[in-house]
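Understanding the architecture of this molecule
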Amino acid sequence: MHMADALISPAVAGTMYACSALTAAYSMKQARRDDNPRLAPTMGVMGAFVFAAQMINFTIPGTGSSGHLCGGMLLSGMLGPHAGFLTMIAILLIQCLIFADGGLLALGCNVWNMAAYGCFVGGLLIWRGVMRNGVSRKKILAASVLGSVVSLQLGAFSVTLETALSGVTELPFPVFLAAMLPIHLVIGLVEGLITAAVLTFVYEARPELLWTGETARLETESKRGLLSRKGALGALLAAAIVTAGGLSLLASAFPDGLEWSIQRLTGSTELEASGGAAALAERIQNATAVLPDYAFPGSGSALGTTVSGLAGGAIVIALCLAVGYLPRLFRHKNRSVTGLKP
Amino acid sequence: MSRLDGALREVHRMDELAAGDSFLHRVHPLWKLLLTLWYLVLTASFPRYALSGLLGMSLYWISGFSIADLSLREALARTRWILGALFLVGIANPLLDRVPVLTLAGVPVSGGMISLATLFVKGLFAALASYLLIATTTLEEICWAMRLLRIPKLPVTVTMLTYRYLVLLMQEARRMSLACGLRCPGEKGVPFSIWGAFAGQMLLRTMERGERVYESMTLRGFHGEFPPPSRGTVRGGFVWFVLWLCALAFVRAAPIFELAGRRLFG
């Protein structure tokens, strides 16, 4: 999945360098909280281990081919996502310089595609979430496979998106994506199984070496986060407004992946409805749709697209807040009924 | 294990090349790193049909290879995987972009063919420029240059340590792989039944060895900061850097090959 320099434009490379640098700065801040003088040598030795282990071929039964372990997930499982992310940067830098595996200009993209998803989605969200209430062999297997598959799918999606945004290939985005995702699904499964095998062995032999997020959780409880809850909500709201109001204007007029597939099959981007239920649903949709096709009825103006983006974003945020706060509301009520202090 | 052997050979070879003593080897690593990044940005910024302008960028690595006495054949051998990947991404260009944009000896050449060739040339030039950097600069020097650019100590130290442990662990992995291969003849790699035990054992051994190495380093006075590389830098390095900075910007702005062609052939 290593991207070469020729696949990206300077704008995409710069953006991804900035994203990766910000994530690295955040990771450094988190990793330094441990104040462990042995952290750097442990990260170094783990980086070298992942490097060496990725060069060993693991036979996949019944296929005649081989695979290797998933670095981001393994490092997150051993060092935690923040130290794991920084270690992955070192690995990718050495791979790029010494082995010409990935370009120096594309390093920001490769760090994002291969380290950020593996460590933060695979490690911080999936691994830590699964291990929250204790570690077991089954949990290690589930977290490793799920984490590897999800992070590789996201990585493959990002590679496709970055290549498409750089404008170096005539290959339509959906076709490219359709070629990338299935193969990375298989790779993710195999890498997840190998990673699970290694982490299970460590769990059996030296369980104290595994990172389960316990320390991180205690730290987050005792210290204030980077952003307060209001700050985080404000930032999300601002991002939603910019995305919905501004970037919706830049949305492609070409059919999306699903529409493209339908167009290939039927010659049109929309399917004709048939049957009573479909007709009834269409009538309800026509009556309730305020901004059909993301525009004011009867016009295709930019203002309509912006308003529809903002309105859609507001509805999604309202729904998310409702889903997030409703259970809490009921929980408070239950506590007050039983007389328990919150 | 052929991949491990190949990787070990590669590391030793790059160390050997970087230990050379040409003018380029003695230019300050910061100038070389910045110039390589400048070159990569300019190369990547060429539009998809600007093949003739892009060819002018070859002057940089041709002169570099000549000064540092590097083998182009050896460098090209390293780029075969990159070119393979670029071919897969760009293969659709000639099929989807069939509009002829020029005629070569009576044969029409489509835009897709030009954009595929541009993609190849970009990938090749970028790989050769990176090779020029690493073949004339040790990783310690690059890490030092990164520290001069105010990149924090932790990632730079981790990169250095990873590189130092790398050879040690690849040798360990090779020994284990060889032992496994001798006990499991006919297998293509490590058998499924011992995946966890094999890599897990290697991991535990690695961590123990890492602790021993770290304790030895601490006893010798290591406090997380590496000293600057001992190799002296040449005085004309900054002038070389500024001249190439301007020359590359000129080549990017003016298609020198095209201008020369017009001048010669009208």
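The sections below set out a description of the structure shown in this document. Bear in mind the structure is a predicted one, so any value in this text is a computation, not a measurement. (Residues numbered from 1 in each chain as written. Chains lettered and ligands numbered in written order. Predicted model: local features only at pLDDT ≥ 70, side-chain atom pairs only at ≥ 80, totals over all residues. Heavy atoms only, no water.)

A word on the packing of aromatic side chains. Going through the model one piece at a time under the given rule, you end up with 13 aromatic pairs over all chains. Between Trp-112 of chain A and Tyr-117 of chain A the ring centres are 6.0 Å apart and the planes differ by 70°, which places this aromatic pair in the edge-to-face class. Overall, the relative accessible area of 22% leaves Trp-112 of chain A in the partly exposed class. Exposure remark for Tyr-117 of chain A: the relative accessible area of 15% places this residue in the buried category. Pairing Trp-31 of chain B with Phe-241 of chain B gives two aromatic rings, centres 5.0 Å apart and planes at 25°, and the pair type is stacked. Taken together, the positions of Trp-31 of chain B in helix H2 (residues 29–44) and Phe-241 of chain B in helix H12 (residues 237–253) put the pair 210 residues apart, joining distant regions of the chain. (Phe/Tyr/Trp six-rings, centres within 6.5 Å; stacked < 30°, edge-to-face > 60°. Buried < 20%, exposed > 50% of the residue type's maximum accessible area, 1.4 Å probe, protein only. Helix = DSSP H or I, 4+ residues; strand = E, 2+ residues; numbered from the N terminus.)

What follows deals with the interface of chain A and chain B. On the side of chain B, 71 residues touch chain A, which itself brings 64 residues to the contact. Here chain A meets chain B over a buried area of about 6,000 Å², counting both sides, of which 78% is carbon and sulfur. For the chain A face of the interface with chain B, the top three residues by lost area are Leu-97, Ile-98 and Glu-170 of chain A, together amounting to 11%. At the junction of chain A and chain B, the tally comes to one salt bridge. When the shortest N-O distance is used, the salt bridge between Glu-208 of chain B and Arg-206 of chain A registers 3.9 Å. Counting every contact that joins chain A to chain B gives four residue pairs in polar contact (both at pLDDT 80 or more). Every element with two or more residues in the side of chain A that touches chain B is listed here: helix H1 (10–32), helix H2 (39–53), strand E1 (58–59), helix H4 (81–98) and helix H7 (173–205) of chain A. With 13 residues, the top contributor of residues to the side of chain A that touches chain B is H2 of chain A. A per-class count over the side of chain A that touches chain B returns 46 nonpolar, 13 polar and five charged. (Contact = heavy atoms within 4.5 Å. Buried area = accessible area lost by both parts, 1.4 Å probe. Salt bridge = Lys/Arg side-chain N within 4 Å of Asp/Glu carboxyl O. Polar contact = N/O pair within 3.5 Å; in protein donor to acceptor, adjacent residues only side chain to side chain. Nonpolar A, V, L, I, M, F, W, Y, C, P; charged D, E, K, R; others polar.)

For Thr-87 of chain A, the location among the structural elements is in helix H4. Each residue touching Thr-87 of chain A, except ones within four places of it in the same chain, is listed here: Met-43, Met-46, Gly-47, Leu-75 and Leu-79 of chain A together with Val-158 of chain B.

Below, the discussion takes up a nonpolar patch on the surface. Residues and elements named next belong to chain A. Taken together, Phe-157, Leu-161 and Leu-165 make up a surface patch of nonpolar side chains, about 270 Å² in accessible area. Within the secondary structure layout, Phe-157 lies in helix H6 (residues 137–166). Its relative accessible area of 34% is what places Phe-157 among the partly exposed residues. (Patch = residues over 30% accessible without salt bridge, like charges linked within 9 Å, V, L, I, M, F, W, Y side chains within 5 Å. Areas by Shrake-Rupley, 256 points an atom, 1.4 Å probe, with all protein chains shown as cover.)

Take the side chain of Ser-158 of chain A next. Mapped onto the elements of the fold, Ser-158 of chain A is located in helix H6. A polar contact is formed between the side chain of Ser-158 of chain A and the side chain of Tyr-117 of chain A, at a distance of 2.7 Å.

All names here are of chain B. Pairing between strand E1 (residues 100–104) and strand E2 (residues 107–110): four bridges, direction antiparallel. Of the residues in E2, the one forming a bridge with Pro-100 is Ser-110. With antiparallel pairing between neighbouring strands as the criterion, E1 and E2 make up a hairpin whose turn holds two residues, including Ala-105 at a positive phi of roughly 50°. (Pairing = 2+ DSSP bridges.)

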